[in-house]
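In case you want the letters, here they are:
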Amino acid sequence: MEKELFYVKLVGWIFDTKTRKILLGKNKGEEKYSLLEGDLNQDQELDNVLKTTITKKTGYKCHNLGAIYVENKLQDNTKLKVHFLCEIADGELTPGENVEELIWVQPKDVEEKIGVELPTRLQDTLGNLQGTTCGNHCECEDGDCDCEYNSKLQNYINLNPNLKINLNDLSN
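Going along each chain's sequence as written, the residues are numbered from 1 onward. It should be noted that, the model being predicted, local features are given only for residues of pLDDT at least 70 and side-chain atom pairs only at 80 or more, the latter also being counted only at that level, while totals for whole chains, interfaces and linings use all residues. Computation of side-chain values: all heavy atoms of the structure, hydrogens and water removed.

A. Inspection of the environment of Ile 114 at higher detail. Relative to the helices and strands, Ile 114 is located in helix α2 (residues 110-114). Note on classification: 1.4 Å probe, protein chains only; a residue is buried when its accessible area is under 20% of the maximum for its type, exposed when over 50%, partly exposed between these limits. Looking at Ile 114, the relative accessible area reads 11%, which means it is buried. It is 5.6 Å that separates the C-alpha atoms of Ile 114 and Lys 32, two residues lying 82 residues apart in sequence. By the convention used here, residues are in contact when the closest approach between their heavy atoms is within 4.5 Å. Dropping the residues within four chain positions of it, Ile 114 is found in contact with Leu 24, Lys 32, Tyr 33, Ser 34 and Leu 35. Strands are runs of DSSP state E lasting at least 2 residues, helices are runs of H or I lasting at least 4, and numbering of each runs from the N terminus.

Structure below.
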């Protein structure tokens, strides 16, 4: 049997629960910001690599709150990206080696700052972190959404009476 290998990139979404902002970094020589990433080797433990990478790049020690998305359809089919939501446990913001700048941004501004349109599930995650019900498809706040996406979601809920979902609960 042929052994198949994946190259795994870990992506940390550092979220400040008090300010509801996400930490982005810019590597030296880069024009765009990015989420914080690191490589996982076969002999390494995932959680340790994620936390070590975040500490080296930001100065923060973080709690890994769990995986939020896995990308496996990248340009190179031997690569896999696993996204994790993390929160700060300790430390002070200090750009690490090869990191030119670190900035806190509102979840609704992440795609613009990184110059990438994220998959829908990650857009929904951004909306949840922002506190919107529609996954950030508009500028709504606190469940006050009337965009097309939210209207479709409301119609789905109305057509499925067995669902016990209140749109306002999704924004909390």
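Picking up after the structure, the text goes on.
B. The layout of surface pockets, seen in detail. Buriedness for pockets is judged along seven lines, at least five of which must meet protein on both sides within 12 Å for an open set on the 1 Å grid over protein atoms alone, while cavities are sets there where a 1.4 Å probe fits but cannot get out, and lining residues have an atom within 4 Å of a point. Grid points are joined across faces, edges and corners, and a volume is the space filled by probe spheres set on the points. The calculated volume of the largest pocket comes to roughly 340 Å³. What lines the largest pocket is a set of 15 residues, among which Phe 6, Tyr 7, Val 8, Lys 9 and Lys 79 lie closest to the centre. Of all the secondary-structure elements, those providing two or more residues to the lining of the largest pocket are β1 (7-16), β3 (36-40) and β5 (79-91). Among the residues forming the lining of the largest pocket, the class breakdown is 7 nonpolar, 3 polar and 5 charged. When its volume is computed, the second largest pocket comes out at roughly 280 Å³. Lining the second largest pocket are 15 residues, with Gly 38, Thr 52, Thr 53, Lys 56 and Lys 57 sitting closest to its centre. Elements that contribute at least two residues to the lining of the second largest pocket include exactly β3 and α1 (46-58). Its residues assigned to classes, the lining of the second largest pocket comprises 2 nonpolar, 9 polar and 4 charged. Classification convention: Asp, Glu, Lys, Arg as charged; Ala, Val, Leu, Ile, Met, Phe, Trp, Tyr, Cys, Pro as nonpolar; all other residues, Gly among them, as polar.

Shape is all these values report; function is a separate question.
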